[in-house]
Amino acid sequence: MSDDVNKVIPLGFTKLIVQDLDKVGAFYGAVCGLVEEAQADADIAGRPIRELYFKSNPPGTGNFTLTKFLDVDKSPTESLILGFIADDIHRFVKDAVAAGGVVVMAVQADPEHGVHVAFVKDVEGNLIEVVQLM
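Residues numbered from 1 in each chain as written. Predicted model: local features only at pLDDT ≥ 70, side-chain atom pairs only at ≥ 80, totals over all residues. Heavy atoms only, no water.

Observations concerning the overall build of the protein
Here is step 1 of the chain: On a plain count of helices and strands, the protein comes out with two helices and eight strands.
Here is step 2 of the chain: Counting from the amino terminus, helix and strand elements in the protein follow one another as β-α-β-β-β-β-α-β-β-β.
Here is step 3 of the chain: In terms of C-alpha radius of gyration, the protein reaches 15 Å, essentially the compact-globule figure of 14 Å for 134 residues.
Here is step 4 of the chain: Dimensions of the protein, computed from C-alpha atoms along their principal axes, come out at roughly 45 × 35 × 25 Å.
Here is step 5 of the chain: Within the protein, the fraction of its 134 residues that count as buried is 31%.
Here is step 6 of the chain: For the protein, the share of sequence-separated contacts (at least 6 apart) that also reach a separation of at least 24 residues comes to 50%.
Here is step 7 of the chain: For the protein, the accessible surface area stands at approximately 8,100 Å², while carbon and sulfur atoms represent 55% of it.
Here is step 8 of the chain: Side-chain charges in the protein split into 11 positive and 20 negative, and the spacing between the mean points of these groups amounts to 3 Å. (Helix = DSSP H or I, 4+ residues; strand = E, 2+ residues; numbered from the N terminus. Rg over C-alpha atoms; globule rule 2.2 N^0.38 Å. Buried < 20%, exposed > 50% of the residue type's maximum accessible area, 1.4 Å probe, protein only. Contact = heavy atoms within 4.5 Å. Areas by Shrake-Rupley, 256 points an atom, 1.4 Å probe, with all protein chains shown as cover. Lys, Arg positive; Asp, Glu negative; His and termini not counted. Charge placed at Lys NZ, Arg CZ, Asp CG, Glu CD.)

Below, the structure written as structure tokens:
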């Protein structure tokens, strides 16, 4: 762990892993009034994904995203991605490994989205996406 053990790293977004983006997106729109903002294709450690982003309401609050891994049907062990926004992404990754986690994707620059990003798994294999604003 880092020397700054009392510093809280904010949970900035949640990504729910789904099989059918349109069906689940329509559900959250109907039930919660969420409005789709965009969709995008990307990858996580070489695995292709498609994401549906909802608008923050109110603006500036945590984001909710639906994520579909395109290489497999939904896995029962992959249901959620926790997203943390760190001031020091390298320290976060180092602390995660020191606490028993594993790096899934090392820190990478993503200038298109204005962040550095990395993926780690916690001690039970839950996926965490950590970003640091550029």
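Structure's up, so let's keep going.
Section: the sheet that holds strand β7 (residues 115–121)
Here is step 1 of the chain: On the basis of which strands lie adjacent, the open sheet formed by eight strands has the order β2-β3-β4-β1-β5-β8-β7-β6 and mixed pairing. Two strands in the sheet have a free side with no partner beyond their single neighbour: β2 (36–44) and β6 (102–110). Each strand axis lies, on average, 20 degrees off the axis of its neighbour in the sheet, ignoring direction.
Here is step 2 of the chain: Looking at chain direction, strand β3 (residues 47–54) and strand β4 (residues 63–69) are connected through five bridges and run antiparallel. Looking at the pairing, Glu51 lines up with Thr67 of β4.
Here is step 3 of the chain: Contacts from helix α1 (residues 21–32) reach β1 (11–17), β2, β3 and β4, with the element oriented near 160 degrees to β4.
Here is step 4 of the chain: Seen against the sheet, helix α2 (residues 89–98) touches β5 (80–85), β6, β7 and β8 (127–133) and runs at an angle of roughly 5 degrees to β7. (Pairing = 2+ DSSP bridges. Axes fitted to C-alpha atoms, helices over the stretch in contact; angles between N-to-C directions.)

Thoughts on the environment of Val18
Here is step 1 of the chain: Counting through the fold element by element, Val18 comes out in the loop between β1 and α1.
Here is step 2 of the chain: Overall, the relative accessible area of 6% leaves Val18 in the buried class.
Here is step 3 of the chain: Sequence separation of Val18 and Ser79 is 61 residues, and the distance between their C-alpha atoms is 7.3 Å.
Here is step 4 of the chain: If near-sequence neighbours (up to four positions away) are discounted, Val18 is found in contact with Val24, Leu66, Thr67, Lys68 and Lys74.

With respect to the pairing of β4
Here is step 1 of the chain: Burial runs high along β4: five of the seven residues are buried.
Here is step 2 of the chain: For β1 and β4, the ladder comprises five bridges, and the chain directions are parallel. Along β4, the bridge assignment pairs Thr14 with Phe64.

What about the pattern of salt bridges?
Here is step 1 of the chain: The final tally for this structure, using the stated rule, is four salt bridges.
Here is step 2 of the chain: The closest approach of N and O atoms between Glu51 and Lys15, which form a salt bridge, is 2.9 Å. Highlighted residues: Glu51 in strand β3 and Lys15 in strand β1, separated in sequence by 36 residues.
Here is step 3 of the chain: Relative accessible area serves as the criterion here: at 7%, Lys15 is assigned to the buried category.
Here is step 4 of the chain: Close ionic contact of Asp41 with Arg50 constitutes a salt bridge, the shortest N to O distance being 2.6 Å.
Here is step 5 of the chain: Overall, the relative accessible area of 33% leaves Arg50 in the partly exposed class.
Here is step 6 of the chain: Sharing partners across several salt bridges, the network here consists of Lys15, Glu51 and Glu129. (Salt bridge = Lys/Arg side-chain N within 4 Å of Asp/Glu carboxyl O.)

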